[in-house]
Each structure stands twice: as C-alpha cells, then as structure tokens.
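Listed below, chain by chain, are the residues.
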Amino acid sequence: MSTRARRTSFPEVVIERDTDTDESSDEEEEEEVEDDVVESDDPAEEEEEEIEDKKGKDVGGSSTADKKGKTPITISLKKVCKVCKRTGHQAGFQGATYIDCPMKPCFLGKMPGHTTVNCPHRVAMEFGVIPASRKRTHSSLDYVFERQVRHGVPSIKPAFVIPDEVNCAVIRYHSRRVTCLEFHPTNNNILLSGDKKGQLGVWDFGKVYEKTVYGNIHNCLLNNMKFGPANDGTVYTASSDGTISCTDLETGLSTSLMDLNPNGWQGPSSWRMLYGMELNAEKGLVLVADNFGSLHLVDARSNSKKGDSILIHKKGTKVVGLHCNPLQPDLLLSCGNDHFARIWDMRRLEAESCLHGLPHKRVVNSAYFSPLSGSKIVTTSIDNRIRVWDSVFGNLDTPSREIVHSHDFNRHLTPFRAEWDPKDSSESLVVIGRYISENYNGAALHPIDFIDISTGQLVAEVMDPNITTISPVNKLHPRDDVLASGSSRSLFIWRPKEKSEMVQEKDKSKIMVCNGKNSKKFGDGSDNDDSGDDFSSKKGKNLKHKKANMVITPCKSSKKKKP
DNA sequence: ACCACATGACTCC
DNA sequence: TGGAGTCCCTGTGG
C-alpha cells in the first residue's frame, strides 16, 4: 500500500535524473581517445551460404527455391559452431542450458575428455578437491604464525546461516557495472559500492530509498575501498585513474591523497592505475598497489607519500589485491597478474623481501587472510580454482586445498573473489559468485555459491529468478546474516528466508527500487508483475517464475552530485 | 532480433 | 620483449 503510493508520487524525479546520468556517461566516453580495434566477427563466416544440389543437407537452416528459373536451386544455410567453426554441431544456449563445443576441452576445468555439461566438477564439487598435505617446514613465516596466530584458531564449527532470499535491491543503481562493495563498520544498514566509472554509491538498505551516488571522485574504475579507521564517516578509494581519494560520506567532498598521473595521459605505457588497497591503522598508512607491480605507502595523517614505491610483483604486472593480517597487521598479503600471491613483512619491506610466494597457474584475482585468526589464506585464480593455504595445518608451499569452481573471468566482468564470512568462527565459509549458468526451471541463472573450504563442499547455491546477470561481487555482513551482491549495475541484499519473512510481515517493505530509463513504465500505471524488462535480460525472458513477492517502485529521492 | 561496443589475459611469432 | 590475433555461457543500448 505504502509502496504503491510512493511509486505513483515520484516518477519524474527518477526519469530526469537518469537521463542526466546517461548523457554524462556518453560525454565521458566520447572524450576517451582509444584505438579502435575492430574485431571482425564476420557473420558471413558463421553462416556459410552454400548453393547445393536438390538434395540440400540442411542442418536446421531454411531452404528456399528460386521460382524464376526452371531448375530450382536449393540454398542451405549451413550452421557452423561458433566456437570451432565446424559443422555438424552447435555450441550455445538450447533453452536455458548451454551446450559446449565438443571439440574443446571442458570449459570449467580446462581438462580434455569431457565437456562442461558432463564435467564431474560441475556436478559435485568434492571431485575437484585436493586434500591437504601435512608436511611441515620451518621457515621464518611458520615461526611468526606459530607464535602469534595459532592460539586464535577455533576448533568448533557452528552451523552456517545462509542469506538465501533477496530482501531488497536497487535495480540499475549504478550507470556501469559494480566493481566493489563494502559494509559500514558500525552502521549496520549502510552499503558502499563502487563502479566502473569511478562512482561511489552510499545506500541505506534499511530505508531502501536512502541512496546516493557520488560521481565526482574518480574518472574510471573504482577498484577498492576501505573505511577510514579513525573516522568511519570517511572512505578511502583507489582507482584506475591513478588516484587515492578520501571522501566524506555525508557531503561527498573528497580530498586526493595521491595522484600517480600528475601530467595526465601520456599513453598507455606510462599511465598508472591503482588496484589493491589496504589500511594499516597502527601505522596510519594507506597502502596501494599499481599496474606496474609497485606498492606505494601514503601517510594518512599528512596525506604525503612515504618513501619510494617498492616492487612487490613482477615488473609491469598488475597488483590487484592487498590485505593485512587481522591479528598481525605487519603481515601483508598481495596478489596479482604475475600468477603469485605473496606474503610480506611490513617491518622490512623491500623488493625481493617477500616471506613467501604462493604460486598459481593463472592470474590471482584475490587473496585474503582468514578474518579471525589470520592463519588461513583463500585465493581466487582465473584457472577456475579456489585455493586454501593453511599456515598451521599445512604449509604454504602448496595449497592445502584446491576447489574447482566456475569463476573463469570474462574480460567484461568484474573479477570474481572468494570472500570469507567474517562471522564464521570456524573460518570455513566462503562466498563467491558463479560464472557458469545452470538451468533452474527453464531459466539460466548464475548462483552465488557458499563453499565450506574445510571440506570443499558446496554448502548452498543462492539464486533468484529475477537476477539473470552474473554476480561477481559479493560481501557478507560483518555482524548480521546479510549478503550484499553486485550484479551488473544492480545491488541486492539477501537475508535468510525465515528472517526475511519476519521482516516482511513486520513492515511489509520488501522492496526493489528501480533506476533506469524504463522506470518511466512504473509511473505509467503498469502493474508490477508484468514490468519485468527492468531486471531481466534476454535470457531472462524464458523465465517461468513470477516475480512473486517483489514490489518495484521508482526511487523517492536521491542526492546526486555531478562534477 | 540484430549489431556494435567495452575490454583483459594469453599465445604465438 | 612486444605486438597482433584469439578467446567468446556478458551486458547494454541503439
């Protein structure tokens, strides 16, 4: 009732603001001067037109006869596989199920002998688990862990609570895909989100409509953010524009701590981008890593760069992740495109001083210490494997577990990152989005997976028929049983089913807020259940589900700051 | 329903 | 070592 009233009251606000957004984004894109590498996807090659004899060997194309001539000519459109370009089979979606090209090895594990459809790893995850090795070494790193970390390792595993139902959402919140999410450290209902354009979203999902997008902080990808340790009303952000900013969440005013491109664009070989970021509260340091393999330290109090940059990964490669050990902040974990995650001691930090290198077969998207004891490390690599490295019960030369999981990274997606549940005292629950889709009642959906890294088993796969896009960005709430996920331009808040129902009964506010051009529809009196275009893409059209409990409303108000 | 486009890792030469 | 070509279960807008 109340939602309906809100929906009809404020349609213009949404449309006006969104038009604004689109225009601004177009302008910015025109300014980008980049080499246009036109890929030649010749459609003629894909559909070979062949003139054949009367015996047309059609494989599914239509045949037409030339009615002018006496001898009819059959033209068959021979379909070729879009993957291997051969005839006789077709890769692609058949309904909601994707059929692999049989000429290629398994898409998931990259192993020959089977395709993704019958891949054992896809059916049951335990197949992809390599058990822990028990051999011990006695390196300096082992010593640090033994002395400072081991006592914090918990022994009893509690039951997992899985947020498995969408509680509220903002559809098309950002104008480009979401790149990172962060929960407020003290306010339970505030979620921060960064996007590909460098915009920062501040959403109070407790009040659903309370949402802001600050567009004047960065010019391109907002890769990482961290709340200010001394003041949780501020957030530090690192961007591909080469700057670190500190932004006041109330006003949106930001100060720049560092600019690695003070002379502007001088070509791709010199343009520095910032990816990994971490704060060391004890030392008052902001740590950032760039696309040339270097780590930069910035004093947060004086906003000045501290010392020279240090080469921590192979020269010229991206360092995408930084993480300080929760118990021992002097231990720094980094990961990047040189196929390594590395552990460093901040007290003697210099090039080549890495305590340990964790080797991977491909690029490492993320590496995180376990949130409580800091004794385990979970890494996500684009070789479709989640690796667990245990400093106490295993060693760091080889992973104590490898879990095959589909998170292969397509260049158009935000990289997948397996993230710990900060509330899980057993430090075994990890959440990660799944790339590969599954057929759920005729809909191709990409679930968000909860994995028990102590067994390698899939604890839960969470999906909603309304979310047809991949959800690469996921974050579990530090205190509540809440999952936030970023999927394309939208944000979703998940809660456990029972709790979600309780909330709904109480205030009946299970709401989806819609941004975007199509919001106009909602002001035009069309009913909720039929206005699905706003959150279903092409694949979503074969959904058999109803949008059930969700109410779609345009947003009531939104502060929006443009540069 | 179609197309163009954004865009990054990797292999090969 | 570096540039060109290839990969191709994306998502959006026109």
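As the structure is a prediction and not an experimental result, all values here were calculated from the model.

Asker: What exactly am I supposed to notice about the overall build of chain A here?
Answerer: What chain A contains, in helices and strands, is seven helices and 38 strands. Relative to its 563 residues, chain A shows a buried fraction of 53%. Excluding contacts between residues fewer than 6 apart, the proportion of contacts in chain A whose partners are at least 24 apart in sequence is 54%. When the accessible surface of chain A is totalled, it reaches about 26,300 Å², and 50% of it is carbon and sulfur.

Asker: Got a minute to help me understand the sheet that holds strand β28 (residues 429–433) in this structure?
Answerer: The pairing of strands in a sheet happens through backbone hydrogen bonds and is either parallel or antiparallel. Spatial strand order, β27-β28-β31-β32: four strands in an open sheet with antiparallel pairing. A single partner strand is all that each edge strand has here, and the edge strands are β27 (419–420) and β32 (457–462). Looking at chain direction, β27 and β28 are connected through two bridges and run antiparallel. Bridge pairing links tryptophan 420 to valine 430 in β28.

Asker: What am I meant to see in the protein's contact with DNA strand C here?
Answerer: For DNA strand C, the set of nearby residues contains 20 residues, the closest of which are Ile436, Ser437, Ile470, Ser488 and Arg489. In DNA strand C, atoms within 4 Å of the protein come from the sugar-phosphate backbone in 66% of cases. Side-chain polar atom of tyrosine 98 to a sugar or linking oxygen of DNA strand C: 3.0 Å apart, as the coordinates give it. The side chain of serine 437 places a nitrogen or oxygen atom 2.6 Å from a base oxygen of DNA strand C.

Asker: How should I be thinking about the protein's contact with DNA strand B in this particular structure?
Answerer: Every one of the 11 residues lining DNA strand B counts as a neighbour, but Lys318, Asn337, Arg362, Arg411 and His412 are closest to it. Counting only the atoms of DNA strand B within 4 Å of the protein, the fraction contributed by sugar and phosphate is 49%. Here a phosphate oxygen of DNA strand B sits 3.1 Å away from a polar atom, N or O, in the side chain of lysine 318. Measuring from a phosphate oxygen of DNA strand B, one finds a backbone N or O atom of valine 363 at 3.5 Å. The class makeup of the residues in the surface near DNA strand B is two nonpolar, three polar and six charged.

Asker: Looking at this structure, I do not really get unusual backbone geometry. What am I missing?
Answerer: Negative phi is the rule for most residues except glycine; trans is the rule for most peptide bonds. Positive phi values are uncommon outside glycine, yet valine 208 reaches one of about 50°. Inspection of the secondary structure puts valine 208 in the loop between β8 (200–204) and β9 (210–214). Take valine 208: its relative accessible area is 5%, and that puts it in the buried class. Here the phi dihedral of glutamate 427 falls at roughly 50°; this positive angle occurs in a residue that is not glycine. If you trace the backbone, glutamate 427 turns up in the loop between β27 and β28.

Asker: Is there a simple way to think about the side chain of threonine 179 in this case?
Answerer: As for its placement among the helices and strands, threonine 179 is situated in strand β6 (residues 178–183). For threonine 179, a relative accessible area of 2% gives the class buried. A distance of 2.6 Å separates a polar atom in the side chain of threonine 179 from the backbone oxygen of leucine 222. Among all residues touching threonine 179, those that are not within four sequence positions of it are Gly194, Asp195, Lys196, Leu221, Leu222, Thr414, Arg417 and Val473.

Asker: Looking at this structure, I do not really get the sheet that holds strand β11 (residues 234–239). What am I missing?
Answerer: Across the sheet, which stays open at both edges, the four strands sit in the order β10-β11-β12-β13 with antiparallel pairing between neighbours. Both outer strands of the open sheet, β10 (222–227) and β13 (254–259), are each paired with one neighbouring strand and no more. Each strand of the sheet is rotated relative to its neighbour by a mean of 20°, with strand direction disregarded. When strand β12 (residues 243–248) meets β13, the two strands line up antiparallel, connected through five bridges. Each residue of the ladder has a partner; that of threonine 247, found in β13, is serine 254.

The rules we used
- Residues numbered from 1 in each chain as written.
- Chains lettered and ligands numbered in written order.
- Predicted model: local features only at pLDDT ≥ 70, side-chain atom pairs only at ≥ 80, totals over all residues.
- Heavy atoms only, no water.
- Helix = DSSP H or I, 4+ residues; strand = E, 2+ residues; numbered from the N terminus.
- Buried < 20%, exposed > 50% of the residue type's maximum accessible area, 1.4 Å probe, protein only.
- Contact = heavy atoms within 4.5 Å.
- Areas by Shrake-Rupley, 256 points an atom, 1.4 Å probe, with all protein chains shown as cover.
- Pairing = 2+ DSSP bridges.
- Near = heavy atom within 4 Å.
- Polar contact = N/O pair within 3.5 Å; in protein donor to acceptor, adjacent residues only side chain to side chain.
- Nonpolar A, V, L, I, M, F, W, Y, C, P; charged D, E, K, R; others polar.
- Axes fitted to C-alpha atoms, helices over the stretch in contact; angles between N-to-C directions.

Function cannot be inferred from these measures alone, as they are strictly geometric.
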